[in-house]
Amino acid sequence: MDKFQMALVVAALFLVFILKGVYDKIAYKKKLRQKLETRFGQLPENSYDAERYKYIGYYFEHKDHKNDVIDKITWNDLDMELIFMMMNQTCSGIGEEYLYSLLHEPLFDDRERTERKQRIEYYEKHKENREQTQMQLMQLGKMRKYSMYQYIDLLRNAKSHKPYLNLFLCGCMILSIVLSIAVSPSFIGAVFVMMAVNIIFYYKYDNRIYFESFGYAANLSKCAVRLSRMKLPVEKEQTEAFKKSAAKLEKLGKRAWMFRQGSAVGGTLTDLIMDYVKMIFHVDLIMFDMTLASMKKNDEALRLVMDTLGEIDACIAIASFRAMKEDYCCPEFTEKVILKAEGLYHPLIQSPVKNDIKALRGVLLTGSNASGKSTFLKTVAINAIFAQTICTVLAQSWTSSAFRVYSSMALKDNIVENESYFIVEIKSLKRIISRCSEDIPMLCFIDEVLRGTNTVERIAASSQILFRISQANTLCFAATHDIELTSVLEPYFDNYHFQEEVSDGQVTFDYRLRKGRAVSRNAIRLLGMIGFGEEIVEAAGRAGERFEKEGIWSL
């Protein structure tokens, strides 16, 4: 085979690889669009482990917060992790982290809430633009071991290195190829030697994570440039700022192919070939300094692009969440300290019972065990957070103040800190009381006040705590089994209750909220239903009746 024939074979193989890459890309995009069409408005199919979930919170934990956020106690009380997972239909890691942060940060400014609501509604109504946007965001992907924002922070702290050795090795590789083609095939041995040497030196660098980070930053810039040419549901000034920032990063985006780690994540044949090209010629190592300097120079533009793309992705996920729910409304806000809702329900319950509530002052909830008190508290609290974060409430109507939201509900003793349940509880309540007098009104939720102590001291202390809270700039929802509190606090709290129905020895609940205090209890009945002996059940009933009549406990 002469040199001309060899050149033709090489050219033909190269053309085949190019055509295969184009075919793979077209097939991938077709499959991606089909996936986007079917998953909108459906439950996300994400998998989470402890390591991945740890990094999802990186952006929220490292950004500055200008207002109160949903603290860890409230987040855990309300099972917000599960709600985030239900809502997380994002296409990129950056959108995933932004959504997680967004759910922690209630908005107190009318303009900000209106702008977010308009963005969500835009993606609800404009399917074509939504899917085109998602197609671009999907190119960014999601990582399992690192936060996307952490990737960029790694680059901000990266140290540059001199590329002279890499230039030399690349030059030797090119020279050996030229000699084997133009001078003599006997130089083919030198080609293989240089390939081996270059691959060895390529993997001697201990900063592979920086190149992965570059790949993400470059793809991020590429995505921003493409989206800047599309219609975005943001204000004109923000659109212009985004376009200018994307333009500054355009050169970085053009280098995306140098840093993409395609083959490691099931990439195309072209990606695999490009990985070997980088190992043999060190093109990404050579471009390290230039790319790093360019990124650091345009750090502000990169931050703006990241936040804009993250919010867009999060807003599309919220639009999908709306499509998944049968009934929702956009909240209305008032300066009065008030909360009114009709047809309110919990997002995690499949067939929820919907309730109405009108609270002009504190609400005291009573009712038998398992009747729905705690679930209702969570329902109101979650939707209050929804109102100021995703501009969506699971109800027919919602009107309220813009609140700071705190809760003290699902507490546990702290063995590590050697703190009993009661100590943990009073610390949780103290954090609420310490924030009650601030200018922005608080909406707080307390389940079974001071359940960790004896009856006499519990009623004495809890009545004072709830009274003090009611006198501050606060709307308090509290659930209790202590009927005495309904009388003591009646001048300051409205009484509501849930109740059960007993039929044929069975206790059932309709989970309907009713006005007034509870008039029935079911704890002793439940003992019998679970299988405790009649002797225990009857004796307990007699002891309870005697205490109510005479104020004396006896066996």
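Residues numbered from 1 in each chain as written. Predicted model: local features only at pLDDT ≥ 70, side-chain atom pairs only at ≥ 80, totals over all residues. Heavy atoms only, no water.

Draft legend 1. Fine view of the environment of Glu250. When you line up the elements, Glu250 lands in helix α14 (residues 250–254). Distance from Glu250 to Val225, taken between C-alpha atoms, is 6.5 Å for residues 25 residues apart in sequence. Every residue in contact with Glu250, bar those within four places of it in the chain, is listed here: Val225 and Arg229. (Helix = DSSP H or I, 4+ residues; strand = E, 2+ residues; numbered from the N terminus. Contact = heavy atoms within 4.5 Å.)

Draft legend 2. Molecular detail of the state of the cysteines. Tallied over the entire structure, the rule returns zero disulfides. Looking at the unpaired Cys91, the closest cysteine sulfur is the one in Cys223, lying at 9.9 Å. Overall, the relative accessible area of 3% leaves Cys91 in the buried class. The structure places no disulfide on Cys444, whose sulfur is separated from the nearest cysteine sulfur, that of Cys476, by 3.5 Å. (Disulfide = S-S within 2.5 Å. Buried < 20%, exposed > 50% of the residue type's maximum accessible area, 1.4 Å probe, protein only.)

Draft legend 3. The environment of Phe14, seen in detail. Tracing the backbone through its elements, the reader meets Phe14 in helix α1 (residues 3–39). Remark: the alpha-carbon pair of Phe14 and Val393, spanning 379 residues in sequence, is separated by 56 Å.

Draft legend 4. Up close: helix α8 (residues 127–138). Its 12 residues give α8 an end-to-end C-alpha distance of 16 Å, which sits within 8% of 16 Å, the value for a rise of 1.5 Å per residue. Of all 12 residues making up α8, nine are buried, and the element is well covered by its neighbours. Three or more residues of α8 are buried, namely Asn129, Arg130, Glu131, Thr133, Gln134, Met135, Gln136, Leu137 and Met138. (Expected span 1.5 Å × (residues − 1).)

Draft legend 5. Quick peek at the pattern of salt bridges. For the structure shown, the criterion picks out 21 salt bridges. Close ionic contact of Arg113 with Asp110 constitutes a salt bridge, the shortest N to O distance being 2.1 Å. Residue Arg113 and its partner Asp110 are both found in helix α7 (residues 110–125); the two are separated by three residues, about one turn of the helix. Residue classification places Arg113 among the buried positions, given a relative accessible area of 6%. (Salt bridge = Lys/Arg side-chain N within 4 Å of Asp/Glu carboxyl O.)

Draft legend 6. A look at the nonpolar core. Counting residues in hydrophobic clusters, the biggest one holds 102 residues, and the most contacted among them are Ile357 and Phe477. Beyond its immediate chain neighbours, meaning those up to four positions away, Ile357 contacts Leu339, Lys340, Ala341, Leu344, Val363, Phe376, Phe477, Tyr496 and Leu513. (Core = buried A, V, L, I, M, F, W, Y, C linked by side-chain atoms within 4.5 Å.)

Draft legend 7. Structural view of the sheet that holds strand β7 (residues 442–447). Judged by pairing direction, the sheet is mixed, and its six strands sit side by side in the order β6-β7-β8-β4-β9-β12 without closing on themselves. Only two strands of the sheet have a single neighbouring strand rather than two, namely β6 (404–408) and β12 (514–515). As judged from the six bridges shared by β7 and strand β8 (residues 474–479), these two strands associate in the parallel manner. Considered in β8, the bridge of Phe445 is made with Phe477. Each of β6 and β7 touches helix α21 (residues 421–433); the most contacted strand, β6, lies at about 165° to it. Strands in contact with helix α22 (residues 455–471) are β4 (362–367), β7, β8 and β9 (493–498); relative to β8, the strand with the most contacts, it is inclined by about 150°. (Pairing = 2+ DSSP bridges. Axes fitted to C-alpha atoms, helices over the stretch in contact; angles between N-to-C directions.)

Everything listed here is a matter of geometry and, on its own, says nothing about what the molecule does.
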